[in-house]
Amino acid sequence: MNEERECCNNKTKERSEQEYKDLLHRLNRIEGQVRGIKRMVEHDAYCTDILVQVAAVNAALNSFNRVLLSNHIKTCVIQDIKEGREETVEELLATLQKLMK
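Presented here is a report on the structure given in the accompanying data block. (Residues numbered from 1 in each chain as written. Predicted model: local features only at pLDDT ≥ 70, side-chain atom pairs only at ≥ 80, totals over all residues. Heavy atoms only, no water.)

## Considering the overall build of the protein
Scanning the protein for helices and strands turns up 3 helices and 0 strands. Against the compact-globule benchmark of 13 Å for 101 residues, the protein has a radius of gyration of 17 Å, which places it well outside the compact range. Considering only C-alpha atoms, the protein reaches an extent of 55 × 30 × 20 Å along its principal axes. Considering the protein as a whole, with its 101 residues, one finds that 16% of them fall into the buried category. Sequence separation of 24 or more characterises 41% of the internal contacts of the protein that already satisfy a separation of 6 or more. Accessible surface computed for the protein: about 7800 Å², of which carbon and sulfur atoms make up 55%. (Helix = DSSP H or I, 4+ residues; strand = E, 2+ residues; numbered from the N terminus. Rg over C-alpha atoms; globule rule 2.2 N^0.38 Å. Buried < 20%, exposed > 50% of the residue type's maximum accessible area, 1.4 Å probe, protein only. Contact = heavy atoms within 4.5 Å. Areas by Shrake-Rupley, 256 points an atom, 1.4 Å probe, with all protein chains shown as cover.)

## Examining the nonpolar core
Counting residues in hydrophobic clusters, the biggest one holds 7 residues: Leu23, Ile30, Ile37, Ile50, Val57, Phe64 and Val67. Among the elements of the structure, helix H1 (17–42) and helix H2 (47–82) are those that each provide at least two residues to this core. Examining the composition of this core, we find that 4 residues originate from one element, H2, more than from any other. Ile37 has contacts with Ile50, Gln53, Val54 and Val57, leaving out every residue within four places of it along the chain. (Core = buried A, V, L, I, M, F, W, Y, C linked by side-chain atoms within 4.5 Å.)

## Considerations on a nonpolar patch on the surface
On the surface, a nonpolar cluster with roughly 220 Å² of combined accessible area is contributed by Ile81, Val89 and Leu93. Relative to the helices and strands, Leu93 is located in helix H3 (residues 87–99). The class of Leu93 is partly exposed, set by a relative accessible area of 42%. (Patch = residues over 30% accessible without salt bridge, like charges linked within 9 Å, V, L, I, M, F, W, Y side chains within 5 Å. Salt bridge = Lys/Arg side-chain N within 4 Å of Asp/Glu carboxyl O.)

## Focus: the packing of H1 against H2
Interhelical geometry of H1 versus H2 gives an angle of 165 degrees and a closest axis separation of 10 Å. Considered as vectors, H1 and H2 are oriented roughly antiparallel to each other. Helix-helix and strand crossings are classified by hand; for H1 and H2 the assignment is left-handed. A class-by-class count of the residues in the contact of H1 with H2 yields 16 nonpolar, 4 polar and 4 charged. (Axes fitted to C-alpha atoms, helices over the stretch in contact; angles between N-to-C directions. Parallel < 35°, antiparallel > 145°, perpendicular 65-115°, else oblique. Left-handed = near helix turned anticlockwise from the far one by under 90°. Nonpolar A, V, L, I, M, F, W, Y, C, P; charged D, E, K, R; others polar.)

## Considering the side chain of Thr88
Following the sequence through the fold, Thr88 ends up in helix H3. Since its relative accessible area comes to 3%, Thr88 is described here as buried. Setting aside residues up to four positions removed in sequence, Thr88 forms contacts with Val77 and Asp80.

So this is what it looks like as structure tokens:
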């Protein structure tokens, strides 16, 4: 479970048991919310009711991003800087640019 996992850029991150459980719990909740929205569409729910649920999913995804980013900075970024890999700061800035679009 705590094994290193492949990522889109071939870097990996070993997470603590607690971080892993927290992230998966958040994603499972979001997945359930999205399934709920799908059911609302399938059952012809009123547009504003669906929009409110979509806003809730967006807020949950933003919260997930904040937690993941915070963990990333506290672990990966700090460790890389301590080890002299200052290019990590540029990578972080590029990531923040993408998140702020």
